Amino acid sequence: MSSTGHGGGGARRTGTGGSASARARLRRGARQQSPQPPPAGRRRGDGGAPEAQPSDRPAPSLVVPDATASAGPRSRPARPFPGGPGAEPGGPGAPREGNLLDVVKVAIAILDTAGRVVLWSPAAEELLGWPNELLVGRRIDELIPDADQVVRIRAAIQDTLRHGRWAGLAELRDRDGEAVAVDARISLLVDGDGTPFLQVNLAEAAAVRAVERDLAVRDALFEQSPLGIAILDTDLRYTAVNQTLAEMNGMVTEDHVGRTTGETLPERAADEITAIQRQVLATGEPVIDVTLASPVTARSGYRSISYSRMTDRAGRVLGISGTVMDVTERYRAVAKVEHARRRLSLLNEFGSRVGDLLDASRIAQELASAVVPRLTDHSAVILLQAVAHGDDLPRHGHDRRTSLLQLGTASVQDGPEVEVMLRRGARITFAEDSACGRVLRTGVPELLSGADQLSDVTYPGDPKMQAAHDLGVHSMLVVPLRARGIVIGLLLVSRAGYREGFDRDDLAFTVELADRAGSSLDNARLYARERTAALTLQRTLLPQQVPQPTGVEVAYRYVPGSSGTEVGGDWFDVIPLPGDRTALVVGDVMGHGLRAAATMGRLRTAVRVLAALDLPPEVLLRHVHELADDLAQGPDEALLATCIYAVFDPATARLTVSKAGHIPPVLIVPGGDSDEPTRSGGPLLGGVGRILDLPSGAPLGVGGVPFESVELKIPEGSLLALCTDGLVESRDKDLDVGLGRLVTVLQQPHASIQAACEAVLDTMEQGREPDDVALLLARLGHGQAGTPTAGWTLPAEPTAVSRARRLVRAALVEWSVEELTDTTELLVSELVTNSVRYASAPIGVRLTLGETLLVEISDPLPDPPRERHAAEADEGGRGLELVRRLALRWGARAEGMGKVVWFEQALPGNEPDEPGVE
């Protein structure tokens with residue numbers, strides 16, 4: 001058969017030639033068809049036709065709806081005909097499913113020119129439910145539900161006979177009486193004998209419309225999409241690309257088809273993309289939104305590519321599909337955000353690194369290191385000498401005489417050129433019209449590039465700039481470091497080699513970084529100035545000369561807190577007392593800074609004044625505590641201080657100690673039983689150490705706990721150690737650990753007491769609290785060998801006065817100091833008389849001949865003597881006035897339950913110009 005198309009001429013007629021037998025078979029077949037569909041259950045036998053039976057159902061009619069009408073989808077699948085073959089064909093010759101024809105099934109029917117069904121395909125049976133046996137020989141009009149449409153379909157048949165083709169929408173009734181919208185195509189066929197037939201192709205309208213929509217969507221997405229789209233076969237050759245991708249690749253669409261990615265893109269870009277395509281084709285795992293640099297084509301930048309594998313409904317791999325999106329703007333926006341994030345991270349990191357630093361040199365080095373290599377290849381931080389040393393900022397403008405120091409340097413490389421350009425600690429000079437000079441004067445940063453501008457950074461012929469040229473430096477920023485509106489230094493950053501030069505964004509960021517650094521540097525300068533003032537005040541208030549009293553060898557060390565802390569209120573003191581006794585004091589005022597140092601000075605003065613009264617240690621601490629309000633740092637701040645006060649008497653080898661909340665002292669007793677006098681400056685032989693167990697007492701200013709003293713008998717050559725908590729405390733260990741370490745060090749032999757001090761300081765842990773340290777070591781002896789001493793105990797009766805004079809006269813003659821006899825007898829007579837008059841217990845008299853003649857009169861009466869000013873007519877009241885006028889020094893102290901009144905006489909040849917009295 002042959003067919004003719006719709007349009008233009010009539011149906012092409014063949015001649016009379018052909019097979020007559022074929023025509024006869026077709027005619028017989030048409031005549032033998034039953035005019036009515038047989039009833040259900042009746043089937044045509046072999047070679048025969050079924051008997052004609054009237055149909056219970058109304059005759060179907062063909063309806064040709066409006067071309068714009070939409071056909072609704074079928075509501076159920078087609079049923080198999082009763083008694084017919086199964087609904088699911090199978091067998092070895094069954095066609096494969098999963099292609100387009102499975103989605104849009106096309107039913108075929110052959111009609112004669114009168115509209116009678118000659119052939120009815122299985123697909124038509126499946127579509128409408130009518131079996132071939134019921135329809136062959138019947139007019140197609142009977143399947144049309146509307147009689148008015150019968151006329152139209154007949155007109156369509158006539159139109160097909162004239163033009164060879166017709167197409168349109170129709171509505172047919174299926175076997176269940178439901179309307180089925182179909183898309184119909186009628187074509188004219190002519191057999192070899194010239195007999196015309198009509199081939200009717202029927203497809204479910206809903207499926208056809210769905211496919212048309214999909215194709216329209218595909219065309220819209222493929223051709224109108226702003227994304228580049230490509231379809232590749234299993235050989236990874238393009239089968240289709242849209243215009244967008246063709247423009248991206250700089251080639252027309254026709255040049256892509258049949259070629260691989262490697263044949264359309266540059267080699268470097270194609271290799272990476274081809275590897276992704278192969279991975280997707282092999283694994284089936286899609287690759288989504290991979291950003292790559294665009295190939296060097298008409299549209300360079302960045303692309304996001306996505307690939308996925310394509311399969312048909314039967315699961316066969318057809319190839320891969322890909323989408324390409326130009327993400328240059330997005331990538332650059334993200335890169336800009338990331339760039340800003342890195343810059344902000346650098347600012348935050350630098351702030352955290354210098355936030356707790358108060359040393360200008362360290363801040364300068366941190367600044368130089370922070371910008372290398374993230375911002376620059378080489379950096380230098382140059383500061384005014386006043387900033388580095390904590391001096392006041394200059395009030396005048398900067399000129400070539402301004403003293404600058406290069407205190408921070410960093411570089412991505414090492415070498416002699418780097419050493420010349422970035423020598424740390426170098427003094428920097430510059431010409432006034434150079435870049436450095438201009439920035440120092442104006443505070444306006446400068447961006448320099450090119451050999452001419454870079455040669456003008458400091459002064460012509462500067463070796464540093466020649467070294468920069470040798471290193472390949474091609475771009476530099478000179479940025480001021482400012483504080484309080486004053487330029488306090490410069491930050492120089494430079495790039496070398498193939499790195500891009502600086503731009504305005506880099507300059508703005510560097511200025512922001514420099515401003516933050518300038519504030520930190522100014523804080524460090526102010527701190528250094530305050531710390532220097534506090535140190536100066538503290539060192540002024542500490543003992544300028546430490547005496548070496550009789551029987552005591554003293555060594556001391558004072559270590560200010562580290563640079564990260566302020567000066568504290570630690571102090572120590574060595575106070576000579578009458579009778580060759582010595583007071584050893586160590587204290588610690590809570591707090592830091594100038595106010596703590598000033599409070600320490602007031603507290604030390606109060607202790608020295610009270611020590612001159614020769615008060616017992618516990619009494620002295622009580623009096624200091626009572627002065628706490630007057631000694632406080634301010635009206636709103638209470639005094640809080642710890643203190644330990646010890647008095648050593650070499651004559652009796654007794655040590656009296658009291659403390660106010662201070663850490664306990666350490667005593668090292670030498671080994672052996674030797675009683676040889678301690679030799680000053682000699683080595684320490686070591687010994688057995690222990691921490692003295694003393695009543696703790698409350699810190700000064702707290703109160704509520706009474707102060708108590710402990711008296712100890714000290715062996716010859718024992719070592720007493722007093723210190724503040726900065727020596728033995730640490731963040732992660734108990735105080736006992738530090739005290740144990742101190743004991744361990746002092747138990748070892750040392751070349752001298754000074755060497756023992758150094759050994760103790762060397763053991764301080766790195767993790768200790770960064771506080772001040774005051775250390776006082778005292779080697780306690782029994783005085784000088786052969787010192788003449790005489791003592792007597794007299795009854796409290798009038799005869800004691802004359803007896804005391806005779807004993808004193810005899811002792812002075814024996815010691816060959818007869819020149820002192822008259823004065824000494826007179827003064828002893830007055831003091832013993834006072835004791836006899838007021839005391840009721842034995843009276844002690846003791847003479848010691850050292851550098852002076854010391855006379856001590858003791859009695860059990862605790863009240864100290866009071867000096868009176870006698871009138872001319874008074875008989876008495878002049879005894880203590882005589883003592884004050886004739887003695888070198890005199891005083892009274894409590895001892896036990898009573899008191900001791902003492903005075904000193906200068907030896908012949910050692911008399912002062914004017915005797916001092918106390």
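The structure displayed is predicted, hence computed values, not measured ones.

## Re the overall build of the chain
Piece 1. Along the backbone of the chain there are 26 helices and 32 strands.
Piece 2. Sorting the 918 residues of the chain into buried and exposed places 46% on the buried side.
Piece 3. For the chain, contacts bridging at least 24 residues in sequence account for 66% of all contacts bridging at least 6.
Piece 4. Element-wise, carbon and sulfur atoms account for 51% of the exposed surface of the chain, whose accessible area totals about 45,500 Å².

## Looking at the confidence of the model for the chain
Piece 1. Of the residues in the chain, 83% have a pLDDT of 70 or more, and the chain-wide mean is 80.
Piece 2. Note on residues 1-94: pLDDT under 50 across the span, and 167 contacts to partners over four residues away in sequence or across chains.

## Section: the environment of Thr-550
Piece 1. Relative to the assigned elements, Thr-550 resides in the loop between helix H17 (504-541) and strand S18 (552-559).
Piece 2. As for Thr-550 and Asp-649, which are separated by 99 residues in sequence, their C-alpha atoms are 9.3 Å apart.

## Looking at the nonpolar core
Piece 1. Judged by nonpolar contacts, the single largest core of 64 residues is most densely connected at Leu-383, Met-476, Leu-481 and Leu-492.
Piece 2. No other element matches the 8 residues that H17 contributes to this core.
Piece 3. If near-sequence neighbours (up to four positions away) are discounted, Met-476 is found in contact with Glu-446, Leu-447, Leu-448, Leu-454, Val-457, Met-465, Leu-492, Val-493, Ser-494 and Phe-502.
Piece 4. Core analysis: the next-biggest nonpolar cluster, separate from the first, contains 53 residues, Trp-571, Val-585, Val-647 and Leu-692 among them.

## Quick notes on the environment of Arg-209
Piece 1. Note that Arg-209 resides in helix H6 (residues 205-224).
Piece 2. C-alpha separation for the pair Arg-209 and Val-104, spaced 105 residues apart in sequence, amounts to 9.7 Å.
Piece 3. Residues in contact with Arg-209, not counting those within four places in the same chain, are Leu-169 and Asp-183.
Piece 4. Within polar-contact distance, the side chain of Arg-209 engages the side chain of Glu-212 at 3.1 Å.

## Some points on the sheet that holds strand S19 (residues 568-577)
Strands belonging to one sheet form pairs held by backbone hydrogen bonds; the direction of such a pair is parallel or antiparallel.
Piece 1. Across the sheet, 5 strands lie side by side as S19-S20-S21-S22-S25; this open sheet has antiparallel pairing. Strands at the two margins of the open sheet, each flanked by one partner only, are S19 and strand S25 (709-713). Ignoring which end each strand starts from, the neighbouring axes of this sheet average 15 degrees apart.
Piece 2. One ladder, built from 7 bridges, connects strand S21 (residues 641-649) with strand S22 (residues 654-660); its direction is antiparallel. What sits directly across from Asp-649, in S22, is Arg-654.
Piece 3. Set on the sheet, helix H18 (residues 594-612) makes contact with S19, strand S20 (581-592) and S21; between it and S19 the angle comes to about 15 degrees.

## Re helix H22 (residues 735-746)
Piece 1. Here H22 contains 12 residues, and its C-alpha end-to-end distance of 17 Å stays within 8% of the 16 Å for a straight helix at 1.5 Å per residue.
Piece 2. Within H22, burial applies to Gly-738, Leu-739, Leu-742, Val-743, Val-745 and Leu-746. Down the axis of H22, the buried set is contained in an arc of 165 degrees. They therefore lie on one face.
Piece 3. Contacts from the buried residues of H22 go to strand S23 (666-670), strand S24 (687-691), strand S26 (718-723), helix H21 (725-728), helix H23 (753-762) and strand S27 (773-780).

Rules behind the numbers
- Residues numbered from 1 in each chain as written.
- Predicted model: local features only at pLDDT ≥ 70, side-chain atom pairs only at ≥ 80, totals over all residues.
- Heavy atoms only, no water.
- Helix = DSSP H or I, 4+ residues; strand = E, 2+ residues; numbered from the N terminus.
- Buried < 20%, exposed > 50% of the residue type's maximum accessible area, 1.4 Å probe, protein only.
- Contact = heavy atoms within 4.5 Å.
- Areas by Shrake-Rupley, 256 points an atom, 1.4 Å probe, with all protein chains shown as cover.
- pLDDT = per-residue confidence, 0-100.
- Core = buried A, V, L, I, M, F, W, Y, C linked by side-chain atoms within 4.5 Å.
- Polar contact = N/O pair within 3.5 Å; in protein donor to acceptor, adjacent residues only side chain to side chain.
- Pairing = 2+ DSSP bridges.
- Axes fitted to C-alpha atoms, helices over the stretch in contact; angles between N-to-C directions.
- Expected span 1.5 Å × (residues − 1).
- Arc of directions from axis to C-beta.

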